[in-house]
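Coordinates in review
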Amino acid sequence: MSFSALTARRVCVVEVEADGLTGIGESWINYPNWAAEERVATVLQGAAPIVLGSDVSDPSVVQERLIAQLRGLGRQWGAPGPIWQAISGIDLALWDLAAKRAGLPAHELLDGDTNRTSLPAYASGVGPTDVQALCELAMERGLRAVKAKVGFGRDADENTLKTIRSVCGMTTRIFADANQAWTLDEAIELTRLMSDYGVEWLEEPIDGNRLNELEALYAATGMPLAAGENNYGEDQFVGLVKSPAIHHIQPDPAKSGGLTMAQTAATAARNSTNVSPHWYGAAIGLAAAVHLGAANTSVDWIELDVRNNPLRSDLPAHGWVLNDGAITVPQTPGLLGELNADVVAQYQTKEVERRKNAE
Ligand SMILES: [Mg+2]
């Protein structure tokens with residue numbers, strides 16, 4: 001990313017047991033390197049006591065309770081992200097649990113407006129390294145769109161875009177993500193470069209992600225903008241939906257408040273704004289994004305990281321199906337069925353093992 005290298009993949013898997021069933025959720029911990037230790041503490045010490053022993057049949061009711069009791073703590077801690085991400089892990093586990101109890105795939109429980117069986121996916125994570133190989137991989141997998149990682153200086157960014165165009169051809173659609181690398185003035189200048197290569201939307205271009213600056217960039221360039229992976233709470237997503245600059249909102253089911261908040265954001269966006277769920281984590285978050293898309297016409301693309309990540313590809317007991325550039329919606333009860341226990345054991349951290357042994 002433009003702000004820091006991601007040198008390892010991590011996931012905090014959250015399990016909630018009730019009625020002899022186990023719901024499995026994901027809390028996002030890509031950054032920082034020590035997020036796993038923090039998240040285990042926030043989930044077990046902060047969130048779990050609010051949930052344990054209570055009626056968890058309606059995830060949205062539980063989420064309301066979690067938000068009411070934890071949001072103020074997160075504000076004063078200066079850590080709204082970890083709080084929302086912990087809530088997300090529990091929320092996804094509860095949706096998985098509710099769907100397993102109902103014997104239905106999770107999307108059938110969402111308050112959406114459609115029922116789709118597959119969603120178009122775009123290749124994410126392309127640049128600034130390995131661009132040619134990742135583009136070739138995306139084309140081999142039949143993907144029709146690629147998102148460039150930009151914000152590494154004009155020459156590196158242009159090289160990424162040029163390579164994408166030359167490997168993927170003129171019919172492949174290109175998006176770009178700057179991870180808040182630029183000032184407003186830099187963004188105005190570099191957005192022209194993006195336009196030259198046919199970039200259709202630009203994600204988080206400006207440092208600080210302030211809506212007034214994003215609107216100024218849109219007014220100056222007309223480039224459709226995307227945001228949401230670092231926004232928390234319903235009011236922020238509604239604010240993005242109302243802004244003329246934001247053409248794509250990007251709730252992340254493992255960051256933004258689980259499927260409950262992603263569905264709330266998708267409902268707010270219905271008939272006005274595209275929903276392109278952010279996802280750069282493990283298999284459970286990806287499954288949740290796909291279920292959101294299965295139930296909501298406003299979801300236009302599923303983000304599919306094409307770099308090697310066994311937490312995406314090997315963690316589910318049943319693998320992903322990609323067909324003609326589209327990802328097949330899982331139809332097993334829950335979010336994605338069960339995890340592959342051998343893969344979990346292979347990657348589980350020593351800290352979790354130590355806790356298990358101490359029990
Ligand atoms: Mg992004």
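What counts and what doesn't
- Residues numbered from 1 in each chain as written.
- Predicted model: local features only at pLDDT ≥ 70, side-chain atom pairs only at ≥ 80, totals over all residues.
- Heavy atoms only, no water.
- Helix = DSSP H or I, 4+ residues; strand = E, 2+ residues; numbered from the N terminus.
- Contact = heavy atoms within 4.5 Å.
- Areas by Shrake-Rupley, 256 points an atom, 1.4 Å probe, with all protein chains shown as cover.
- Donors = N, O, S within 2.8 Å, 3.2 Å for Na, K, Ca; no water.
- Domains from an automatic or database assignment.
- Buried area = accessible area lost by both parts, 1.4 Å probe.
- Salt bridge = Lys/Arg side-chain N within 4 Å of Asp/Glu carboxyl O.
- Polar contact = N/O pair within 3.5 Å; in protein donor to acceptor, adjacent residues only side chain to side chain.

You'll find the protein entered in an unreviewed UniProt entry as L-alanine-DL-glutamate epimerase-like enolase superfamily enzyme, with Spelaeicoccus albus given as the organism.

Per the secondary structure count, the protein includes 13 helices and twelve strands. In terms of overall dimensions, the protein has a C-alpha envelope of 55 × 40 × 40 Å along the principal axes. Of the contacts formed within the protein by residues at least 6 apart in sequence, a portion of 72% connects residues at least 24 apart. Summed over all atoms, the accessible surface of the protein reaches about 14,900 Å², with 49% contributed by carbon and sulfur.

We now examine the coordination of the magnesium ion. Every protein donor of the magnesium ion is accounted for by Asp177 (OD), Glu203 (OE) and Glu229 (OE), and the metal-donor separations fall at 1.9 to 2.1 Å. Summarised as a motif, the one-chain spacing of the donors to the magnesium ion is D-x25-E-x25-E. Of this pair, glutamate 203 sits in strand β6 (residues 199-203) while glutamate 229 sits in the loop between β7 (225-227) and α8 (234-242), and the two are 26 residues apart along the sequence.

Moving on, we get to the domain arrangement of the protein. Split by domain assignment, the protein resolves into domain 1 (12-104) and domain 2 (109-328). The distance between the C-alpha centroids of domain 1 and domain 2 comes to 24 Å. With 23 residues of domain 1 in contact, the opposing surface of domain 2 contributes 22 residues. Between domain 1 and domain 2 the total buried area reaches about 1,700 Å² when both faces are included, carbon and sulfur atoms providing 67% of it. It is Glu26, Trp28 and Trp95 that lose the most area in domain 1 upon contact with domain 2, and together they represent 36% of the buried surface on that side. Connecting domain 1 to domain 2 are zero salt bridges. Where domain 1 touches domain 2, the interface holds 13 residue pairs in polar contact (both at pLDDT 80 or more). Listing elements by their share of the side of domain 1 that touches domain 2, those giving two or more residues are β2 (21-27), α2 (59-77) and α3 (80-102).

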